[in-house]
Amino acid sequence: MENSLVSMMTIGGESTGKTVALSCCYYMFASSLNTDGFMLTNGGAYAGGDAKYLLQLYSNMKKGEEMPNGSTNNRAYEFAVEKDNEILCQAKWLDYRGAMLEGDATVEDRQDFETWIANTELLVYVVPGNVLNDYMCLTDPDYVWDEVNLQTDAEINVTQCIANIRSIKRIARNLRKEMPPILLYVTKSDCIKGDFDDSRKMAALKRLIRDYQLVTFQDEYSWQVLGCHSTLGKNLVLSKENKVLSGFEPKGFEIPLMLAVGYHLSREGKTWLNKKTAALNAKMNELNAQNATDRSQMLALQKVPNSFLGKGLSLLGGQEKRQKELELLNANIQRREKEITQLNHDKAELPQQNRMQNYAQEILSYIEKKGENAVFYLDSKGKERELKRFFKLS
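In this report, we go over the structure that sits alongside the text.

Okay, the overall build of the protein chain next. Check the secondary structure of the protein chain and you find 12 helices and 11 strands. Counting only contacts in the protein chain whose residues sit at least 6 apart along the sequence, the fraction spanning at least 24 positions is 76%. Of the accessible surface of the protein chain, which amounts to about 20500 Å², a share of 46% is contributed by carbon and sulfur atoms.

With that settled, the discussion passes to the packing of aromatic side chains. In total, this model carries nine aromatic pairs according to the counting rule given. Seen from their ring centres, Tyr-143 and Trp-145 are 4.9 Å apart, and the 80° between their planes marks the pair as edge-to-face. Here the guanidinium or amino end of Lys-83 rests over the ring plane of Phe-38, the centre of that ring lying 4.4 Å away. Lys-169 extends its terminal NZ or CZ atom over the ring of Trp-223, reaching a point 5.1 Å from the ring centre.

Between its first and last C-alpha atoms helix 1 (residues 18-30) spans 18 Å; for 13 residues at 1.5 Å apiece the expected length is 18 Å, and the two agree. With 11 of its 13 residues buried, helix 1 lies for the most part within the structure. Listing the buried residues of helix 1 in full gives Lys-18, Thr-19, Val-20, Ala-21, Leu-22, Ser-23, Cys-24, Cys-25, Tyr-26, Met-28 and Phe-29. Ser-32 sits one or two residues past helix 1 and shows a positive phi near 55°.

To continue, consider the side chain of Glu-82. Its place among the elements puts Glu-82 in strand 3 (residues 75-83). Here Glu-82 is buried and forms no salt bridge, its nearest opposite-charge partner Lys-83 lying at an N-O distance of 12 Å. At 3.0 Å, the side chain of Glu-82 forms a polar contact with the side chain of Thr-41. What Glu-82 contacts, discounting residues up to four positions off in sequence, is Gly-37, Phe-38, Met-39, Thr-41, Ile-87 and Leu-88.

Moving on: the sheet that holds strand 4 (residues 86-95). Strand-to-strand pairing in sheets goes through backbone hydrogen bonds, with the strands running parallel or antiparallel. Ordered by their spatial adjacency, nine strands build an open sheet running 2-3-4-1-5-6-7-10-11, and the pairing between neighbours is mixed. Because the sheet does not close on itself, it has two edges, and the strands there are strand 2 (39-42) and strand 11 (384-385). Here strand 2 runs beside strand 3; their pairing, made up of four bridges, is antiparallel. If you follow Met-39 over to strand 3, its bridge partner there is Glu-82. The strands touched by helix 7 (residues 255-303) within the sheet are strand 1 (5-11), strand 2, strand 3, strand 4, strand 5 (122-128), strand 6 (182-187), strand 7 (225-229) and strand 10 (375-378), with strand 1 carrying the most contacts at an inclination of about 145°.

What follows is about the pairing of strand 6. Among the six residues that make up strand 6, six are buried, leaving the element largely enclosed by the rest of the structure. Side chains Ile-182, Leu-184 and Val-186 project from strand 6 onto one buried face, and the interleaved Leu-183, Tyr-185 and Thr-187 project onto a second face that is buried too. Where strand 6 lies against strand 7, five bridges are found, and the strand directions are parallel. If you follow Ile-182 over to strand 7, its bridge partner there is Val-225.

On to the environment of Gln-297, then. Within the element layout of this structure, Gln-297 appears in helix 7. With 29 residues separating them along the chain, Gln-297 and Leu-326 place their C-alpha atoms 8.5 Å apart.

So, about the nonpolar core. Counting 57 residues, the largest nonpolar core has Leu-259 and Ile-367 as its most contacted members. Once residues within four sequence positions are removed from consideration, Ile-367 is found in contact with Ile-255, Met-258, Leu-259, Ala-374, Val-375, Leu-387 and Phe-391. Residues Leu-132, Met-136, Cys-161 and Phe-376 belong to the second largest nonpolar core, which totals 37 residues.

Relative to strand 4, strand 3 runs antiparallel, the two being bridged by nine bridges. If you follow Arg-75 over to strand 4, its bridge partner there is Asp-95. The loop that links strand 3 with its antiparallel partner strand 4 comprises two residues; one of these, Asp-84, has a positive phi angle of about 55°.

When the terminal C-alpha atoms of helix 5 (residues 148-175) are compared, their 41 Å separation across 28 residues agrees well with the 40 Å that a helix rising 1.5 Å per residue should span. Within the span of helix 5, buried status applies to Ala-154, Val-158, Cys-161, Ile-162, Asn-164, Ile-165, Ile-168, Lys-169 and Ala-172. Taken together, the buried residues of helix 5 touch strand 1, helix 3 (107-119), strand 5, helix 4 (129-138), strand 6 and helix 6 (198-211).

Following the criterion strictly, the structure yields 18 salt bridges and no others. Glu-78 is the partner of Lys-92 in a salt bridge, and the nearest nitrogen-oxygen pair spans 3.9 Å. Of this pair, Lys-92 sits in strand 4 while Glu-78 sits in strand 3, and the two are 14 residues apart along the sequence. The partly exposed category is assigned to Lys-92, whose relative accessible area is 24%. You can call Glu-78 partly exposed: its relative accessible area is 30%. Asp-198 is paired through a salt bridge with Lys-234; the nearest N and O atoms lie 3.5 Å apart. One end of the pair, Asp-198, is in helix 6; the other, Lys-234, is in the loop between strand 7 and strand 8 (237-238), and 36 residues separate them in sequence. Residue classification places Lys-234 among the exposed positions, given a relative accessible area of 55%. Each of Asp-198, Lys-201 and Lys-234 takes part in a single network of salt bridges with overlapping partners.

What follows covers the packing of helix 7 against helix 11 (residues 355-369). At a closest axis distance of 7 Å, the pairing of helix 7 and helix 11 adopts a crossing angle of 150°. It follows that helix 7 is roughly antiparallel to helix 11 by the angle criterion. When you trace helix 7 past helix 11, the crossing you get is left-handed. In contact with Ile-255, Met-258, Leu-259, Val-261, Gly-262, Leu-265, Ser-266, Glu-268, Gly-269, Lys-270 and Trp-272 of helix 7, helix 11 contributes Met-356, Gln-357, Tyr-359, Ala-360, Ile-363, Tyr-366 and Ile-367. Of the residues in the contact of helix 7 with helix 11, the class split is 12 nonpolar, four polar and two charged.

Rules used in this analysis
Residues numbered from 1 in each chain as written. Predicted model: local features only at pLDDT ≥ 70, side-chain atom pairs only at ≥ 80, totals over all residues. Heavy atoms only, no water. Helix = DSSP H or I, 4+ residues; strand = E, 2+ residues; numbered from the N terminus. Contact = heavy atoms within 4.5 Å. Areas by Shrake-Rupley, 256 points an atom, 1.4 Å probe, with all protein chains shown as cover. Phe/Tyr/Trp six-rings, centres within 6.5 Å; stacked < 30°, edge-to-face > 60°. Lys NZ or Arg CZ within 6 Å of the ring centre and 35° of its normal. Expected span 1.5 Å × (residues − 1). Buried < 20%, exposed > 50% of the residue type's maximum accessible area, 1.4 Å probe, protein only. Lys, Arg positive; Asp, Glu negative; His and termini not counted. Salt bridge = Lys/Arg side-chain N within 4 Å of Asp/Glu carboxyl O. Polar contact = N/O pair within 3.5 Å; in protein donor to acceptor, adjacent residues only side chain to side chain. Pairing = 2+ DSSP bridges. Axes fitted to C-alpha atoms, helices over the stretch in contact; angles between N-to-C directions. Core = buried A, V, L, I, M, F, W, Y, C linked by side-chain atoms within 4.5 Å. Parallel < 35°, antiparallel > 145°, perpendicular 65-115°, else oblique. Left-handed = near helix turned anticlockwise from the far one by under 90°. Nonpolar A, V, L, I, M, F, W, Y, C, P; charged D, E, K, R; others polar.

Here's what the structure looks like:
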């Protein structure tokens, strides 16, 4: 279990909060802060440096120093996900340089991008809160714009975000036979103005998906789409220099990684369960086949007339030999029946022994405790379903 790897690629435009999200996520897991005992420990070639860097970013934000600058290069962070002193899996998170979506990309950058998108298990696209706010204002018939230019800027922001998502989808389709689940992740949700609670944020994100047909459900790619959101604080106050003045209370940053790990563990657990079940079924089939053969032999022996046994003692060994053979065959059948009973018992116990799916269930329970507006899930038909259907735990 500890050697399995979940990869997660986070994509978004420049300064959309990807690195901030990663640093807050790492802090929450590394400190086990409200993560129900799930932890991240350092891994990879730059483990110590990654931890120091991410924790320093978090510390700077909390102390009111400068917010992180946009990433200047692609960086893969590697962690071990732990619970109860057991490593559940390895996790790799690619912090993708946002400026690349604006056209600033080298050949090497694009090669890295294609490699990651071809192998990622969860594709995360960051929709910053200000863009979702622009969409909500644009689609609100009662909203009054202070200036015409502000409306134009909002239209451009939304259009650029939509264009980027479509571009990412096109690249992924060209590189993969099966599409990974897509998570639309609203960062900076404190930027959404007015009295917009979490339910309205998520409702707006679902409308955005459908209004712009970001996903064509029921096509050959069997899309699965999720949505979630995070904030540095619902009452966050930033200075003109983009420094935290007050209200720093990060929430929701652990959810994307929880989704990726839970989905990964559930799939790994299903593979384990199918393999174990197949092995037990094969053994039971073998035993049943042997019992069928022995029952046929018993029936054949029982049909031999006693008079024939008496005349052919030298051939059949007589009645005494037949009785011993019948007893031996019956004993073997009874022994195998006990083995089959035990194997059926072992098969019934497999779900309790499936640590990977059990941990996935714990992650599901953790997310569900966050409330119905923490995450939504749209299945391949575009229908909203319970999150347990995404984890394949129903």
